[in-house]
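Chain residues, written in single-letter form:
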Amino acid sequence: MSVIKMQKIAKLIKESDYKNAEELLKVVLKESPHNRTAHFFFGMVLAKTGMLKEAEAEFLNLVVNDHGDIEALCALAMVYRWEGKLTDALGTFNEALELDPTRIEFYRYIADIQILEKNLKAAFMAYAKTIECNPDFAPAYNNLGIVYFEMNEINRSLNVFREAISRESGNAKFHYNYAIALEANSQLQEAVHEYEIAVGIDPYWTAAQLNLGAILAKLEQFDRAGGTFDVILDEDPFNADAWNNMGVVLTEQGYKEEAIRHFIRALEERSKFELARRNLDSVKNDAEPKVDFAVAGMHLDEETSIPFNLPKPEFEPLSGDFMGIEIPYLVEFMNHLKEMINFLPEQQRTAFDRSGIRISMEHIINIFMGHRGILWEIQDLYLKKQPQKVGSAPVLERAGQPDAGEALNGALNAVEIVEFLTYLGTLSSSLPEPVVTDYLTEKLKTVVSAIR
């Protein structure tokens, strides 16, 4: 399996280029139909493109094949969450948490679902656990504030919202939720201030504008309230809530006929808008009509994306020998040389770090260790003895034909090894300990002699 292909697919998914990711995944799955990572990414693409049933099947199959696949469990739970299967999502996240209790993000996922299910005590415990594990995680404070608010613990709610804002002051949701709690505590001016901050951060957030206009009207600042609703309708002329609220403002100002037209328009945009219908009936039939604003509720700071990491290249150290020297011995020796460099005087060490020899050394060690070098695939590397002319140097060469851009790195020449070892030999006399110098020099002579 090509690691580079998988990394490219992951990058396409992160960039929301699902079409090209799917095309490349189909190629990969045709070559490797049982590749776990490819199926995981395919499930993500299906989920992101709205094919939730198909995505659920992909992730469920991964979990059936490996009950310990935590990432697949998390992805399956998220798909359940998107499908509205909150009980299934909750159970799956709990299963993942049992497998790895150190994954604190699972507490947050569980808490978010618990609050949606109105299991407030369970949500409280899960958010508290999240904060215990990560005291600086602002969204947990915000969401815990919502739990307190739902439990009618207004003062505690206010305190926790302040904690969220102190940790992430640029989050519009935090200021918005705080404003709702302030309004519930009859702190209307303070609530206006927080709504204005939220709108300043996100000028096109309709919910914040809607609530700001309603609270301004409660403060009898009708012109400002009407102006706020006008802003919403300029951006979204089909917004039923804004039409209703403008009708409320007009009613409060005594413009009943205009108010009736606005309530009717609200019902045209949303035929089952019961609040607008009650407002309309009250204005038509009552001498002193009672009308209400449509307001938006609090917002969870909820994480609903499927977490994943770019696949890391795997590697397997090469075995066998090179030029009659066991490869594990060569790797151990070269790593030892790297450590010796640290004992050189600063001038020589700096010179070595800046030299091409240092790059060659890293290059050689990486190849012997099986690491993928620049534009290389580890799985395509193997030791290959090439037919040699008299006086030519043996090489460690890449299998097959080199790709474009790889020609310069396509073969590892034994002369390259000799060069950097000999160079290190000239530096060994600068080491402070004569015993170390003698030991290193003897080792160098042995290896260089064998290669030559």
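Further up the page is the structure itself.
Residues numbered from 1 in each chain as written. Predicted model: local features only at pLDDT ≥ 70, side-chain atom pairs only at ≥ 80, totals over all residues. Heavy atoms only, no water.

Caption draft 1: A look at the nonpolar core. Formed by 68 residues in total, the largest nonpolar core has its most connected members in I115, Y127, Y176, F229 and F273. Sequence-distant contacts of Y127, that is, excluding residues within four places in its chain, are made with R108, A111, D112, I115, A140, N143, L144, V147 and L300. With 46 residues, the next largest nonpolar core counts F41, L46, A75 and L90 among its residues. (Core = buried A, V, L, I, M, F, W, Y, C linked by side-chain atoms within 4.5 Å. Buried < 20%, exposed > 50% of the residue type's maximum accessible area, 1.4 Å probe, protein only. Contact = heavy atoms within 4.5 Å.)

Caption draft 2: Broad picture of the packing of helix α15 (residues 240-252) against helix α17 (residues 274-285). Two numbers describe how α15 lies on α17: the axes approach to 10 Å, and their chain directions differ by 25 degrees. As summarised for this structure, α15 and α17 are arranged roughly parallel, according to the angle between their axes. For α15 against α17, the interelement crossing comes out left-handed. In contact with N244, V248 and T251 of α15, α17 contributes L275, A276, N279 and V283. Broken down by class, the residue content of the contact of α15 with α17 amounts to four nonpolar, three polar and no charged. (Axes fitted to C-alpha atoms, helices over the stretch in contact; angles between N-to-C directions. Helix = DSSP H or I, 4+ residues; strand = E, 2+ residues; numbered from the N terminus. Parallel < 35°, antiparallel > 145°, perpendicular 65-115°, else oblique. Left-handed = near helix turned anticlockwise from the far one by under 90°. Nonpolar A, V, L, I, M, F, W, Y, C, P; charged D, E, K, R; others polar.)

Caption draft 3: Up close: the environment of I154. The topology assignment puts I154 in helix α10 (residues 154-167). I154 gets classed as buried once you look at its relative accessible area, which sits at 14%. On a C-alpha basis, the gap between I154 and A181 in space is 6.6 Å, while along the polypeptide they are 27 residues apart. Those residues in contact with I154 that lie beyond four places of it in its chain are F149, A181, A184 and N185.

Caption draft 4: Molecular detail of the packing of helix α3 (residues 36-48) against helix α4 (residues 52-65). The interhelical angle for the contact between α3 and α4, taken along N-to-C directions, is 155 degrees, at an axis separation of 8 Å. The angle between α3 and α4 falls in the class roughly antiparallel. As for the relative orientation of α3 and α4, their crossing is left-handed in sense. Taken together, the residues of α4 that come into contact with α3 (itself represented by R36, H39, F40, F42, G43, M44, L46 and A47) are L52, E54, A55, E58, F59 and L62. Looking at side-chain class alone, the contact of α3 with α4 contains nine nonpolar, two polar and three charged residues.

Caption draft 5: A look at the pattern of salt bridges. Tallied over the entire structure, the rule returns 18 salt bridges. Notably, a salt bridge pairs K85 with E56, separated by 3.2 Å at the nearest N-O pair. Placement of K85 in the loop between α5 (70-83) and α6 (86-99) and of E56 in helix α4 is noted, with a sequence separation of 29 residues between them. Since its relative accessible area comes to 13%, E56 is described here as buried. Of the charged contacts, one joins K85 and E83 as a salt bridge, the two residues approaching to 3.8 Å between their closest N and O atoms. Through salt bridges with shared partners, a single ionic network connects E56, E83 and K85. (Salt bridge = Lys/Arg side-chain N within 4 Å of Asp/Glu carboxyl O.)

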